[in-house]
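Summary of the model geometry
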Amino acid sequence: MVLAIQAKNLKIGYMDEEEQITWATRGVDLSVEEGESFCIVGESGCGKSTLASAIAGVLPPHALTMGKLYIFNQLVINESERNYNGIRGKVVSLIPQNPGTSLNPFLTIGDHFYYILRDVKGLSKSDSIKIAQEYLSKVGLGKDVLEKYPHKLSGGMQQRVLIAIALASEVKIIVADEPTSSIDANLRAQILNLLSKLVKEFKVTLLLVTHDLASASKICDRIAVMYAGKVIETGLTSSIISKPRHPYTRMLLDSVPLLGSKKSLNPLPGEPPSLVEDFTWCSFRDRCPFRIEQCSVEPPLIPVEDEPHLVRCWRFREVS
Ligand SMILES: Nc1ncnc2c1ncn2[C@@H]1O[C@H](COP(=O)(O)OP(=O)(O)O)[C@@H](O)[C@H]1O
Ligand code: SF4
Ligand SMILES: [Mg+2]
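Residues numbered from 1 in each chain as written. Chains lettered and ligands numbered in written order. Predicted model: local features only at pLDDT ≥ 70, side-chain atom pairs only at ≥ 80, totals over all residues.

A few points about the sheet that holds strand β12 (residues 302-303)
Spatially, β7-β8-β9-β3-β10-β11-β13-β12 is the arrangement adopted by the eight strands of the open sheet, whose pairing is mixed. Two strands in the sheet have a free side with no partner beyond their single neighbour: β7 (92-95) and β12. With four bridges connecting them, strand β3 (residues 37-41) and strand β10 (residues 222-227) associate as parallel partners. Opposite Cys-39, over in β10, you have Ile-223 as the bridge partner. Together, β10 and β11 (230-236) form the strand contacts of helix α9 (residues 247-254), whose direction differs from that of β10 by roughly 105°. (Pairing = 2+ DSSP bridges. Helix = DSSP H or I, 4+ residues; strand = E, 2+ residues; numbered from the N terminus. Contact = placed C-beta atoms within 7 Å. Axes fitted to C-alpha atoms, helices over the stretch in contact; angles between N-to-C directions.)

Listed below in structure tokens is the structure:
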């Protein structure tokens with residue numbers, strides 16, 4: 001078994017002008033195997049994009065890091081040191097939320113392919129255009145797109161172009177951060193299905209970030225649910241969906257229309273804790289109907305018997 005991604009107690013923070021640090025991830029432990037499709041799920045603000053940016057090597061320079069992150073056994077984050085040489089754009093590529101922001105408005109799509117394939121694989125212009133045509137057809141686009149500027153394409157077409165560029169670069173990991181949230185609802189499932197089909201065809205590892213458990217459940221082999229900067233439950237998709245153990249995962253499942261069955265929106269009241277101050281209690285305690293004295297200590301990720309399923313809740317046996 002080859003690990004594509006391994007995070008060990010990864011903490012990532014941002015310091016503001018008053019020198020207060022928001023710890024967007026407070027100690028993430030995560031392993032993703034080569035060729036897996038793995039989803040990170042959670043509400044807005046729980047640290048998904050920060051984790052995705054760290055894996056893709058695009059954290060802003062002012063981000064503070066602690067812990068370790070390995071990409072195919074190469075240590076890219078070693079406490080405060082970061083080194084993505086040979087990794088960023090070559091081994092791992094990011095498909096962002098808004099494709100418009102990562103395509104250069106002054107370059108045609110053909111030139112995007114050329115500059116990237118020249119840098120990553122040393123290809124000539126004519127060779128890069130041949131490869132571009134091949135991969136554009138994989139994502140259902142014709143060669144006419146090569147002459148166009150990004151603003152002439154719809155959001156869905158731009159996202160297809162980015163998928164084609166990532167695949168043409170022959171990266172081993174694609175990190176897709178809410179790749180369909182800026183796209184028309186009708187096209188969302190199409191793009192996700194396409195991405196899912198192509199990563200399997202090309203044996204690429206997919207890390208998909210989404211707040212939508214329904215999409216995650218259709219595409220991913222495994223899921224990690226994040227809450228307040230930590231993974232609070234992780235396991236096989238089937239196990240998370242059919243037998244969620246953490247009260248927060250159950251709340252997420254209860255509040256989304258899943259696999260055709262429309263359930264009513266039923267969120268538990270309350271907010272996640274502030275990520276500026278350090279805390280030692282279970283991060284879900286203030287919203288949790290099952291809290292007891294013991295919950296004033298944050299639980300570790302506890303193995304659920306006989307399953308590759310971990311849950312950060314003292315009472316998962318009683319409440320699930
Ligand atoms: N570039 C940044 N600079 C400062 N704070 C940030 C930055 N990116 C994210 N944050 C903060 O980190 C926390 C987690 O954000 P983010 O990783 O974007 O979560 P998510 O993707 O789950 O919504 C939030 O409090 C957010 O305000
Ligand atoms: S540890 Fe306690 S407060 Fe946290 S989710 Fe479990 S029961 Fe609720
Ligand atoms: Mg985000």
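Focus: the sheet that holds strand β6 (residues 81-82)
In any sheet, the strands associate via hydrogen bonds between backbone groups, in a parallel or an antiparallel arrangement. The strand order across the open sheet formed by five strands is β2-β1-β4-β5-β6, and the pairing between neighbours is antiparallel. Of all strands in the sheet, those bounded by a partner on one side alone are β2 (21-33) and β6. In the sheet, strand β4 (residues 63-71) pairs with strand β5 (residues 74-78) via four bridges, with the strands oriented antiparallel. From the neighbouring strand, Ile-71 faces β5, where its bridge partner is Gln-74.

Focus on the site of ligand 1
What surrounds ligand 1 is a group of 13 residues, the closest being Tyr-14, Ala-24, Lys-48, Ser-49 and Thr-50. Of all the secondary structure elements, the ones that give two or more residues to the shell around ligand 1 are β2 and α1 (48-56). Sorting elements by how many residues they give to the shell around ligand 1 places α1 first, with three residues. Here the shell around ligand 1 is built from residues that sort into five nonpolar, seven polar and one charged. (Near = placed C-beta within 6 Å. Nonpolar A, V, L, I, M, F, W, Y, C, P; charged D, E, K, R; others polar.)

Quick word on the site of ligand 2
Ligand 2 sits among Pro-247, Cys-282, Phe-284, Arg-285, Cys-288, Phe-290, Arg-291, Cys-295, Pro-299, Cys-313, Trp-314 and Arg-315. Partitioned by chemical class, the residues of the shell around ligand 2 number nine nonpolar, no polar and three charged.

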